[in-house]
Amino acid sequence: MTRIDTTFARLKREGKKAFVAYVMAGDPDYDSSLELIKALPAAGVDIIELGLPFTDPMADGSTIQLAGQRALEGGQTLDKTLQMARELRKTDNDTPIVMMGYYNPIYSRGVDRFLAQAKDAGIDGLIIVDLPPEEDSELCIPAQNAGLNFIRLATPTSDDKRLPKLLENTSGFIYYVSITGITGAANAQAADVGPEVARIKSQTDLPVIVGFGIKTSEAAEAIAGVADGAVVGSAIVSLIEQGKPVPEIAAFVKSLADGAHRAK
Amino acid sequence: MPDDILNSFMTGPDENGRFGQFGGRFVSETLMPLILELEAQYERAKTDARFWAEMHDLWTHYVGRPSPLYFAERLTAHFGGAKIYLKRDELNHTGAHKINNVLGQIILARRMGKTRIIAETGAGQHGVATATVCAKFGLKCVVYMGAHDVERQAPNVFRMKLLGAEVVPVTSGRGTLKDAMNDALRDWVTNVRDTFYCIGTVAGPHPYPAMVRDFQAIIGKEAREQMLAAEGRLPDTIIAAIGGGSNAMGLFYPFLDDKEVHIIGVEAGGKGVNDKMEHCASLTGGRPGVLHGNRTYLLQDEDGQILEGHSISAGLDYPGIGPEHSWLHDIGRAEYVSITDIEALEAFQLCCHQEGIIPALEPSHALAHVAKIAPNLPKDHLICMNMCGRGDKDIFTVARALGWEMQG
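Quantities reported herein were computed from a predicted structural model and do not represent experimental measurements.

Participant: Just to check I follow, could you spell out the nonpolar core for this structure?
Facilitator: Inside soluble globular proteins, nonpolar side chains tend to come together where they are buried. Of all hydrophobic cores here, the largest spans 124 residues; its most connected members are Phe173 and Tyr175 of chain A together with Trp188, Tyr197, Leu251 and Phe252 of chain B. In contact with Phe173 of chain A, not counting residues within four places along its chain, are Ile4, Phe8, Ile47, Val98, Ile151, Arg152, Leu206, Pro207 and Ile209 of chain A. Counting residues in each nonpolar core, the second largest holds 68 residues, with Ala25, Ile48, Ala85 and Ile240 of chain A among its members.

Participant: Help me understand the sheet that holds strand E4 (residues 83-87) of chain B, please; the structure alone is not making it clear to me.
Facilitator: Strands pair in a sheet through their backbones, by hydrogen bonds, and they do so in one of two ways: parallel or antiparallel. All names here are of chain B. Overall, mixed pairing links the 6 strands, which are arranged E3-E4-E14-E9-E10-E13 in an open sheet. Of all strands in the sheet, those with a lone pairing partner are strand E3 (69-71) and strand E13 (335-340), marking the two edges. Shown here is a sheet whose adjacent strand axes are inclined to one another by a mean of 30 degrees, direction ignored. In this structure, strand E9 (residues 237-242) lies alongside strand E10 (residues 262-270), joined through 6 bridges in parallel fashion. Opposite Ile239, over in E10, you have Ile264 as the bridge partner. Sheet strands touched by helix H15 (residues 361-373): E4, E9, E10, E13 and strand E14 (382-386). Its angle to E9, the strand with the most contacts, is close to 140 degrees.

Participant: How do you make sense of the interface of chain B and chain A when you look at a structure like this?
Facilitator: Note: interface size is frequently given as the accessible area lost on complex formation between the parts. At the interface, 39 residues of chain B touch 38 residues of chain A. Surface buried jointly by chain B and chain A totals about 2,900 Å² across both partners, of which 48% is contributed by carbon and sulfur atoms. If you sort the residues of chain B by the area they bury against chain A, Glu29, Arg186 and Asp303 of chain B come out on top, with a joint share of 23%. Counting across the chain B and chain A interface gives 6 salt bridges. With a shortest N-O distance of 2.5 Å, Glu135 of chain A and Arg18 of chain B are connected by a salt bridge. At the surface where chain B touches chain A, the tally comes to 25 residue pairs in polar contact (both at pLDDT 80 or more). Elements represented by at least two residues in the side of chain B that touches chain A include exactly strand E2 (22-26), helix H1 (32-46), helix H8 (177-190), strand E11 (287-291) and strand E12 (293-298) of chain B. Take the side of chain B that touches chain A: its biggest share by element is 7 residues, from H8 of chain B.

Participant: I tried to follow the sheet that holds strand E4 (residues 125-128) of chain A on my own but got confused; where do I start?
Facilitator: Residues and elements named next belong to chain A. What the 9 strands build is an open sheet, ordered E5-E4-E3-E2-E1-E9-E8-E7-E6; its pairing is parallel. A strand with exactly one partner marks an edge of an open sheet, and here the two such strands are strand E5 (149-150) and strand E6 (152-154). The pairing of strand E7 (residues 174-177) with strand E8 (residues 208-211) spans 4 bridges and is classified as parallel. Across the sheet, Ile174 pairs through a bridge with Val208, a residue of E8.

Participant: In this structure, what is going on with empty space enclosed by the protein? I would like to understand it.
Facilitator: It is a probe the size of a water molecule, rolled over the atoms, that shows where empty space is left. Residues and elements named next belong to chain B. Counted according to the given criterion, the structure contains 6 cavities of 30 Å³ or more. If you add up the space inside the largest cavity, you get close to 320 Å³. At the level of elements, strand E5 (116-121), helix H5 (125-137), H8, E9, helix H11 (246-252) and H15 are the ones that each hand at least two residues to the lining of the largest cavity. Of the residues in the lining of the largest cavity, the class split is 11 nonpolar, 15 polar and 4 charged. There is about 240 Å³ of room inside the second largest cavity.

Rules of the game
- Residues numbered from 1 in each chain as written.
- Chains lettered and ligands numbered in written order.
- Predicted model: local features only at pLDDT ≥ 70, side-chain atom pairs only at ≥ 80, totals over all residues.
- Heavy atoms only, no water.
- Core = buried A, V, L, I, M, F, W, Y, C linked by side-chain atoms within 4.5 Å.
- Buried < 20%, exposed > 50% of the residue type's maximum accessible area, 1.4 Å probe, protein only.
- Contact = heavy atoms within 4.5 Å.
- Pairing = 2+ DSSP bridges.
- Helix = DSSP H or I, 4+ residues; strand = E, 2+ residues; numbered from the N terminus.
- Axes fitted to C-alpha atoms, helices over the stretch in contact; angles between N-to-C directions.
- Buried area = accessible area lost by both parts, 1.4 Å probe.
- Salt bridge = Lys/Arg side-chain N within 4 Å of Asp/Glu carboxyl O.
- Polar contact = N/O pair within 3.5 Å; in protein donor to acceptor, adjacent residues only side chain to side chain.
- 1 Å grid on protein atoms, 1.4 Å probe; cavity = no way out; pocket = protein on both sides within 12 Å on 5 of 7 lines; lining within 4 Å.
- Points joined across faces, edges and corners; volume = space filled by probe spheres on them.
- Nonpolar A, V, L, I, M, F, W, Y, C, P; charged D, E, K, R; others polar.

Listed below in structure tokens is the structure:
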């Protein structure tokens, strides 16, 4: 049982949907980013997605790309991102941390070395955008062997023929990408998402969380209502971009979490 | 070196799109079904005589193939050593080798029923070639081009617009080829149903590196036959410039199993390879990493962040290189060297003066390496260099570098 499994078991007991928040580690600088991350559990965040900055985030829109650039310009490194997880673990041993990003910084570190360091830092799962099932031997299998969840993205283009391959080596939860497109783009539509989530759930017992294109408390409620939870990233990151203070961002996060938690 | 098919250098990639450890399919899940479909369609087309008949018809009547193999008599005399032949792919319609590949991909796109073509471009040659073929077939064309390149390659931007393409300046990153490729991938991930991504070099996720190589291999096939006709034997050395590496892979591929042929790829050394990454020499100055769908040598920092290279040539300004080159480098089948901006500029001028050919800055890098090795080689040593593009697009850049005042 990872913290992710424990969290979903708790939510199930409480009859609640999950709220997952994404922030880019080190955006706009290490200290304020850490302050925000520490404020997320109290704001109702069930799972933290910690963005690993990368120069070339091909699946992300400009909001996340610029966040990564700010973080890198602020001196964020893989070591500092791991350190942030360690710092959070000093005060919070329950909230799962999922590291989300692209493969090259991990490959550059060396997969085995990275996995040992991530495990040690209290990371629970990985979402690596550019590692489809065809490349499972790279990181997915080693990560599962190291006791980390490897969470897969499923998309509107993942048809029934492909789903079993996607589900085969995945664990923790399934992240359903609500649109064909990049983060922070079009709005997710609950009416479109519902049947897709049901299609995935007919093939797996894992929780299905939906992300991309969710920007408001109402949208979080609507999407969480047709799935096991909702993820918000770009809408939170854009407040960081605007230079809002941490308490104000945390208040917005709380409104999103409340939305997801209102869903039945 | 191999003497049989089992040890051939020409059998790659494997079913996972790997050349040794390089290549692969490192893309987001949204794109995965698309590249699998593309692979299936390409495999079908590859063995379809009608597909190749259409290609050859267009290569002959639209592009002007075969391109000549030209004995560069005055350059040979000037260097005083090896006998130098130029494979004249700069004479192709649109002025470079890029159209060889574009035709193949667009014919494939039409077979797949795609109506909207997207492309990335650096120097603009691939963008112009794509816009050209899209105009010919009445397809919608969107070209992503780094904002910095839009500025330094203004003539090609105007050409694309004349041809009816939409040119999207990319401002993310430093606004060069790698950033254009990111935005093209973002477009593809958004418009999965009707859009075909026409990649301009031997990079990207499988099957692109193999597919683009196969379309460009016409260069090497012709050169091989032409050299046999002219000299009665194969060249001793073949040489080409490398950004992503498509013109080089096209020349090299048909010679890979000719063990007596020495193969040299020339990377862009910019201001010098040891000089704070102010270059684009992925093989001489980078290390293996994963970007744009494939594992290959990349310019990157110690934390795996991709670095921006530098080259006077927009067409070579890419921090990666095709995965098959990375493999040929590691197994030692090809030699990879680098040439600086200054050396390329000298070769550019030399070619104008000695042969009456204004070369693009990309093959000027290859010629600069020929200038280094030819004087020390015997007179019966045959060099075949790929003159992969003409220099009309570069005259403003060269004028600026030489301190010449010109109204652009």
